[in-house]
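Chains, contacts and geometry: an overview
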Amino acid sequence: MENEHDKDSLSLVSNTIMEALMKEFNVPEKDCFQVFHSHKKEEFIYDPTYLLRNDRSNSLLYIQITCGPGRTQQQKQSLYKELANQLHSQINIPKEDIFVVLVETSLENWSFGDGLAQMII
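Analysis parameters
Residues numbered from 1 in each chain as written. Predicted model: local features only at pLDDT ≥ 70, side-chain atom pairs only at ≥ 80, totals over all residues. Heavy atoms only, no water. Helix = DSSP H or I, 4+ residues; strand = E, 2+ residues; numbered from the N terminus. Buried < 20%, exposed > 50% of the residue type's maximum accessible area, 1.4 Å probe, protein only. Contact = heavy atoms within 4.5 Å. Areas by Shrake-Rupley, 256 points an atom, 1.4 Å probe, with all protein chains shown as cover. Lys, Arg positive; Asp, Glu negative; His and termini not counted. Charge placed at Lys NZ, Arg CZ, Asp CG, Glu CD. Salt bridge = Lys/Arg side-chain N within 4 Å of Asp/Glu carboxyl O. Core = buried A, V, L, I, M, F, W, Y, C linked by side-chain atoms within 4.5 Å.

Points about the overall build of the protein
Assigned secondary structure in the protein consists of 2 helices and 2 strands. For the protein, the sequential pattern of α-helices and β-strands runs α-β-α-β. If you line up the protein on its principal axes, its C-alpha atoms span 45 × 35 × 25 Å. Expressed as a percentage of the 121 residues in the protein, the buried residues total 26%. In the protein, the proportion of contacts linking residues at least 24 apart, taken out of those at least 6 apart, comes to 61%. Here the protein displays about 8,900 Å² of accessible surface, and carbon together with sulfur accounts for 50% of that area. Placing the 11 positive and 18 negative side-chain charges of the protein at their respective mean positions leaves the two points 5 Å apart.

Right, here's the structure in full:
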């Protein structure tokens, strides 16, 4: 990020994602591991209208969440709606620009350090 405003926005995005995960997926408060990547406009190619009523802007925010299995379709839909509503109201990101993908992986595929699979011990 090039300026202080960008750093502040990134912190707000991070906090908003975490709050939505805690609310909709019952994620523990300290279970926060996030990585952010920014790309130049020419490195980010997408269709501005795919599956939407309105066009996306150049402010597209792509969120990939890796999580364990077990959430219902309703929980997932609630998470998507919560993220769109909160990121729009708190940071003014257009809802059309919030793209979310969940990647579910079974618990034996996780290690939080020490060479252990803490989720299945």
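Having put the structure on the table, let's press on.
Digging into the pattern of salt bridges
This structure, assessed with the given rule, holds 3 salt bridges. In this structure, E82 engages K23 in a salt bridge whose closest nitrogen and oxygen atoms are separated by 3.2 Å. Taken together, the residues E82 in helix α2 (residues 73-91) and K23 in helix α1 (residues 4-25) connect sequence positions 59 residues apart. One salt-bridge network, held together by shared partners, links K23, E24 and E82.

Section: the nonpolar core
By size, the foremost hydrophobic cluster in this structure holds 20 residues, and its most contacted members are I63, I65, L79, L83 and L87. At the level of elements, α1, β1 (61-67), α2 and β2 (98-104) are the ones that each hand at least two residues to this core. In terms of residue count, α1 provides more of this core than any other element does, 6 residues in total. Apart from residues no more than four positions distant in its own chain, L79 is found in contact with A20, L21, E24, F25, I65 and L102.

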